[in-house]
Amino acid sequence: MSGATAGPRLLLRSLRATMAESIGAQERLDKVASLIASNMVAEVCSIYALRTDRALELYATEGLNPDAVHKTTLRVGEGLVGLIAADARPLNLPEARSHPQFAYRPETGEDLYHSFLGVPILRAGRTLGVLVVQNATQRGYAEDEVEALQTTAMVIAEVLASDELTGLSGAGGDLDIRRASHFAGTTLCDGIGLGTVVLHQPRVVVTELIAEDIPTELRRLDAAIASLRLSVDDMLARGDMAAGGAHRDVLEAYRMFANDQGWVRRIKEAVQSGLTAEAAVERVQNQTRARMKRQASDPYLLDRLHDFEDLANRLLRVLMGKPQTDMTAELPENAVLIARTMGAAELLDYDRSNLRGLVLEESAPTSHVSIVARALGLPSVGRAIDVVALAESGDDIIIDGDAGEVHLRPTPEVVHSYGEKVRFRAKRMERYRANRNLPSVSKDGVHVELLMNAGLLVDMEHLEEAGASGIGLFRTELQFMVASSFPKMAEQQALYEQIYDHAKGKPVTFRSIDVGGDKVLPYLRMDVEENPAMGWRAIRLGLDRPGLMRAQIRALLLAAKDNELRLMFPMITEVSELRKARLAVEREIDHVRRHYEVEPPMLQMGAMLEVPSLLFQLDELFEVADFISVGSNDLLQFMTASDRGNTRVAERFDPLGSPYFRALRQVTEAADKAGKSLSLCGDMAGHPLAAMALIGIGFRQISMSPAQIGPVKEMLRALPVQELQDKFAVWLNDSSGAPGLRGLLEDFAKAHQVPY
Ligand code: PEP
Ligand code: MG
């Protein structure tokens, strides 16, 4: 081979020309093999493609017996070719036959050749095939030849990823890249969506591989790395984690990689070998990915691999002048968004009308992006591991939010069965719609108020449609989260007025702004905290920043007019905080009377019970509060010491467990004793079985996302409440533990034909 740069450059030019020719797919692949062989002065060049059945099939060869094409196969891990595919690493052998894994395939006529160089054909972390050159003489291939073959493999990856090879396989199957994939994740929002993949961070496809001028490429690389480091430092300094929903440790990992001399050196070496800066980044990314994937059982390393991928993609985008994500780009109809993680505000930036689903690799049901997805009624699934690496923009996809499943590139059978499922679901929805005006009363006549959670104006259209009796939780912070700067008092007032208009007299419970934790306001400077969920958030922030809280209270007092203002405060930890909040409201009432000459509305002030310490101040709490709403998302996260946004622990403990229900029963008993109103507005209220349990321990008001009201009402109307309540008295006193509260509830529901 002739030198490190001229050879590959010439080869890539001819390859590019071959790609552009209007010839058949097989002919193109044959030509590619022959070009590589002659450029690398090799007698043999063979291209093996990975099929859906994980066999590597010989797709083209120059030098081996042509009759072996589409006949010879090796399994992943079998023979030298299989070994390269399994390890995603090159193999460079002067004498192939002396390697213990050598597997002889007589039909190929391979016995004439001694030396062997094979490289994996990689694309976005996936092995698509193997590219091999062989020579009759015993020779070791030089390092620059290995590099050159890897570069060439990047071009072949694009051919394998295109559609044109469909139907060529000798076995009649398809290539692995088009394999149907199934992901069993967790439900973030119910519903079924059939559509087309849109990657939230589109994969950057590097098309210019070969450098025209190496010093220029090195300068471009230096500038891009400098700009990348600056942007990461900047994100860290601002504590701005809203952008990607990212946490501080992710940013720290970014910073570590961005300053990793080994990484930068390897990219520079790849540029020195003749690649463009972006091709060099991609090459090193492929290699790092392959290396780290071999140690993939370590979850810590996997996380770091994700961080590394994000960073390398950022660098590619800087080099190619592409925005990090473009939420304003036109979406295809039926877009299903795919991302590793996403901030709640980012989701809101997309045009809702074309969105059919959301698939995330991370994120738990009570995270805020999930809450927003539910507010939008967007079928969503979390914990779909590896979906980002496996999906291509434009792929067909089915998202089944009901089952928490995702089908990528579904087979015709799956598409057909989903057609049935969608029709069945539509019938069920029709039934819920028809039931929406039926009273929400149990089989034995107990009335339970089914309220709806909201946070945006768009939610309000569901009020009527879902048949909710009011808004049990209005998360006022969503207005703040979607704004680019602090909403002024007049803007807040305008939103609240619209909410009252849409509510048409139904009760609305506003919650004062609950930011901090994973609810980040990009424009609010906050110190970076080690444990933000337990940090300076919600009422703590409100009491320390009275200006912010006063403006909101005033906006609410002015907006309510003839409506009753129901206002509650989040994260109350000691009753004294609720007293202070009440005082702040009273001061604002005075202010409104004096400066606006407005009589304050009827007022009910409550607290959210979401910090376990309140469980030990119940009597005092009910004296001070007009009403209480249990925020079970936070309450459970703090009772179980498990971060609600951390997918590894968020669902570790079943909320339908006796310890939590014993605590909740104390709350219902205290509310009864005090004669005060009590509701629960966390995620569990919307799951029929959990809602049934809550009713069984005495809750008579529960608030959930609008789509959950239909199923919960159907459950309620079949439920014999008194009988369940009697059972609970026994169940919660039983300390034997078997068979568990969930099992008992399921048995009860089945025995009484209660749909859940
Ligand atoms: C809760 O904590 O249960 C709750 C309803 O509030 P949020 O989910 O907004 O924290
Ligand atoms: Mg909460």
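Residues numbered from 1 in each chain as written. Chains lettered and ligands numbered in written order. Predicted model: local features only at pLDDT ≥ 70, side-chain atom pairs only at ≥ 80, totals over all residues. Heavy atoms only, no water.

Details of the pattern of salt bridges
Two side chains of opposite charge can pair, provided their charged atoms sit close to one another.
(1) Moving on: Enumeration according to the criterion identifies 42 salt bridges in this entry.
(2) Moving on: The shortest N-O distance in the salt bridge between Glu21 and Lys31 comes to 3.0 Å. One end of the pair, Glu21, is in the loop between helix H1 (6-20) and helix H2 (25-39); the other, Lys31, is in helix H2, with 10 residues separating them in the sequence.
(3) Moving on: Look at Lys31 and you get partly exposed, because its relative accessible area is 32%.
(4) Moving on: Where Glu158 meets Arg123, a salt bridge forms, and the shortest distance between an N and an O atom there is 2.9 Å. One end of the pair, Glu158, is in helix H4 (residues 143-161); the other, Arg123, is in strand E5 (residues 115-123), with 35 residues separating them in the sequence.
(5) Moving on: Connected through shared salt-bridge partners, Glu477, Arg511, Asp514, Arg537, Asp634 and Arg644 make up one network. (Salt bridge = Lys/Arg side-chain N within 4 Å of Asp/Glu carboxyl O. Helix = DSSP H or I, 4+ residues; strand = E, 2+ residues; numbered from the N terminus. Buried < 20%, exposed > 50% of the residue type's maximum accessible area, 1.4 Å probe, protein only.)

Quick look at the coordination of the magnesium ion (ligand 2)
(1) Moving on: Ligation of the magnesium ion (ligand 2) by protein atoms is provided by Glu610 (OE) and Asp634 (OD), these donors lying 2.1 to 2.2 Å from the ion. Within this pair, whereas Glu610 is found in the loop between strand E19 (603-609) and helix H20 (618-624), its partner Asp634 is found in helix H21 (residues 632-639), the two being separated by 24 residues in sequence.
(2) Moving on: With relative accessibility at 2%, the residue Glu610 sits in the buried group.
(3) Moving on: Taking the relative accessible area as the measure of exposure, Asp634 reaches 3% and is therefore buried. (Donors = N, O, S within 2.8 Å, 3.2 Å for Na, K, Ca; no water.)

Section: the packing of aromatic side chains
(1) Moving on: This model, assessed by the stated rule, comprises seven aromatic pairs.
(2) Moving on: Summarising the aromatic geometry, the rings of Tyr500 and Phe510 are spaced 5.4 Å apart at their centres and angled 65 degrees between planes, so their arrangement reads as edge-to-face. Here Phe510 lies in strand E17 (residues 508-511) and Tyr500 lies in helix H16 (residues 489-503), a separation of 10 residues in the sequence.
(3) Moving on: You can call Phe510 buried: its relative accessible area is 0%. (Phe/Tyr/Trp six-rings, centres within 6.5 Å; stacked < 30°, edge-to-face > 60°.)

Here's the deal with the domain arrangement of the protein chain
(1) Moving on: Taken as a whole, the protein chain is organised into domain 1 (7-178), domain 2 (181-201 + 328-425), domain 3 (214-320) and domain 4 (436-751).
(2) Moving on: Using only C-alpha atoms to locate each centre, domain 2 and domain 4 end up separated by 28 Å.
(3) Moving on: Each partner contributes residues to the interface: domain 2 has 17 residues there, and domain 4 has 18 residues.
(4) Moving on: Regarding the contact of domain 2 and domain 4, the summed buried area is about 1600 Å², with carbon and sulfur atoms giving 63% of it.
(5) Moving on: Between Arg374 and Asp683 there is a salt bridge, with its nearest N and O atoms 3.4 Å apart.
(6) Moving on: Where domain 2 meets domain 4, there are one residue pair in polar contact (both at pLDDT 80 or more).
(7) Moving on: The leading source of residues in the side of domain 2 that touches domain 4 is helix H11 (residues 368-375), at five residues.
(8) Moving on: When the residues that make up the side of domain 2 that touches domain 4 are grouped by side-chain class, the tally is nine nonpolar, five polar and three charged. (Domains from an automatic or database assignment. Contact = heavy atoms within 4.5 Å. Buried area = accessible area lost by both parts, 1.4 Å probe. Polar contact = N/O pair within 3.5 Å; in protein donor to acceptor, adjacent residues only side chain to side chain. Nonpolar A, V, L, I, M, F, W, Y, C, P; charged D, E, K, R; others polar.)

Re the site of ligand 1
(1) Moving on: What surrounds ligand 1 is a group of 16 residues, the closest being Arg475, Arg511, Gly631, Asn633 and Arg644.
(2) Moving on: Arg475 places a side-chain nitrogen or oxygen 2.8 Å from an oxygen atom of ligand 1.
(3) Moving on: For ligand 1, an oxygen atom lies 3.1 Å from a polar atom in the backbone of Ser632.
(4) Moving on: Protein coverage of the free-state accessible area of ligand 1, which is 290 Å², stands at 100%.
(5) Moving on: Top contributing element to the shell around ligand 1 by residue count: H21, with three residues.
(6) Moving on: The residue makeup of the shell around ligand 1, split by class, is four nonpolar, five polar and seven charged. (Near = heavy atom within 4 Å. Areas by Shrake-Rupley, 256 points an atom, 1.4 Å probe, with all protein chains shown as cover.)

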